[in-house]
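# Per-entry structural report
Single-letter residue listing:
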Amino acid sequence: MSTMHAYILVSNSPSIIEKYISSFCAENKIASLDITSLKFINNEEKTKQSIGIEEVRIVQKNLSLKPIQSEQKLLVIYDAHLLTAQAQNALLKVLEDPPNNTIIILVSPSISTLLPTVISRCGVVELETTTTFDPKELEENLTVLNTLPTMAISNKLKLAQDISKDKEEAKLWLKKAIQALRNEILQASNKKSLANYHHALLALQDTYQTISSTNANPRLAIENLLLSLFVRRPLGS
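Residues numbered from 1 in each chain as written. Predicted model: local features only at pLDDT ≥ 70, side-chain atom pairs only at ≥ 80, totals over all residues. Heavy atoms only, no water.

### With respect to the packing of helix 6 (residues 153–163) against helix 9 (residues 218–228)
- At a minimum axis separation of 9 Å, helix 6 and helix 9 run at an interaxial angle of 145°. Note that helix 6 runs across helix 9; the crossing there is right-handed. Across the interface between the two elements, Ile-153, Lys-156, Leu-157, Leu-159, Ala-160, Gln-161 and Ile-163 from helix 6 touch Arg-219, Ile-222, Glu-223, Leu-226 and Leu-227 from helix 9.
- Taken together, the residues of the contact of helix 6 with helix 9 break down into eight nonpolar, one polar and three charged. (Axes fitted to C-alpha atoms, helices over the stretch in contact; angles between N-to-C directions. Helix = DSSP H or I, 4+ residues; strand = E, 2+ residues; numbered from the N terminus. Left-handed = near helix turned anticlockwise from the far one by under 90°. Contact = heavy atoms within 4.5 Å. Nonpolar A, V, L, I, M, F, W, Y, C, P; charged D, E, K, R; others polar.)

The following block contains the structure:
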């Protein structure tokens, strides 16, 4: 098991998140009495827009508690994407050097609102999400990927410009392209010819991670992706 003591779970599926946390606790032998969950939004408070310094003080207070039944205790901070910049800065020290026998997990549907300094102090675990895309949209993305080998450089640069006009739209396009390739890999009949798709999938995932977790220019990242990507529909698929 990793020696890291702070993690970010990225998913928008509560069931997937809880399943992962349950497995994590079982693997690390953390009893339920030694798990503290901080949820800042409940069914009556769905409009909460941010989590500030006062809430962080609650977190810090919980960190002073010692484990009861286990050698380690776990603190789970839900809705971490709502932490203000000031609140995130207040968490930096404990994320980098938590109290003894303490593991911290931040839960967020995206890391786009988290500071790079927070992300750098945590292990980022990308979990499955429940996003469902229109099959026609996925087919359109796949068609674009399949035409890249014969597309003129000028057209690739124009495509990159169109995709990256908005950072969130660029991330959405990448998500659709990733899902389209995953579907193609699962459905293809000729498995030996899929190495090219796997390579493209990794490139798409790397670009998505770069745009999501760094201050990299989305347009330059997409340009580099499209200029280097060589996707061709596998024979027999």
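### What about the packing of helix 2 (residues 53–63) against helix 3 (residues 85–96)?
- At their nearest, the axes of helix 2 and helix 3 sit 9 Å apart, and the two run at 15° to each other. In terms of their interaxial angle, helix 2 and helix 3 are classed as roughly parallel. The crossing of helix 2 and helix 3 is right-handed. Seen from helix 2, the contacting residues are Ile-53, Val-56, Val-59, Gln-60 and Leu-63; seen from helix 3, they are Gln-86, Ala-87, Ala-90, Leu-91 and Val-94.
- Along the lines of polarity and charge, the residues of the contact of helix 2 with helix 3 split into eight nonpolar, two polar and no charged. (Parallel < 35°, antiparallel > 145°, perpendicular 65-115°, else oblique.)

### Considering the pairing of strand 5 (residues 123–126)
- Because side chains alternate across strand 5, one face comprises the buried residues Gly-123 and Val-125, and the other comprises Val-124 and Glu-126, none of which is buried.
- Sheet analysis places strand 1 (residues 6–10) next to strand 5, joined by four bridges and oriented parallel. Bridge assignment links Ile-8 to a residue of strand 5, and that residue is Val-124. (Buried < 20%, exposed > 50% of the residue type's maximum accessible area, 1.4 Å probe, protein only. Pairing = 2+ DSSP bridges.)

### So, a nonpolar patch on the surface
- A cluster of nonpolar side chains, namely Ile-153, Leu-157 and Leu-227, defines an oily patch on the protein surface of about 260 Å² accessible area.
- Its relative accessible area of 31% is what places Leu-157 among the partly exposed residues. (Patch = residues over 30% accessible without salt bridge, like charges linked within 9 Å, V, L, I, M, F, W, Y side chains within 5 Å. Areas by Shrake-Rupley, 256 points an atom, 1.4 Å probe, with all protein chains shown as cover. Salt bridge = Lys/Arg side-chain N within 4 Å of Asp/Glu carboxyl O.)

### Describing helix 1 (residues 14–27)
- In this model, helix 1 (14 residues) spans 20 Å end to end at C-alpha, consistent with the 20 Å of a helix rising 1.5 Å per residue.
- Turning to helix 1, its buried residues number three or more, namely Ile-17, Ile-21, Phe-24 and Cys-25. Considered in projection along helix 1, the buried side chains sweep an arc of 95° and stay on one side of the axis. When the buried face of helix 1 is taken as reference, the exposed residues oriented beyond 90 degrees from it are Ser-15, Lys-19, Ala-26 and Glu-27.
- Packed against the buried residues of helix 1 are strand 1, strand 2 (35–38), strand 3 (73–77) and strand 4 (102–108).
- Just downstream of helix 1, Lys-29 is the residue with a positive phi angle, here 55°. (Expected span 1.5 Å × (residues − 1). Arc of directions from axis to C-beta.)

Coordinates in, geometry out; function isn't part of it.
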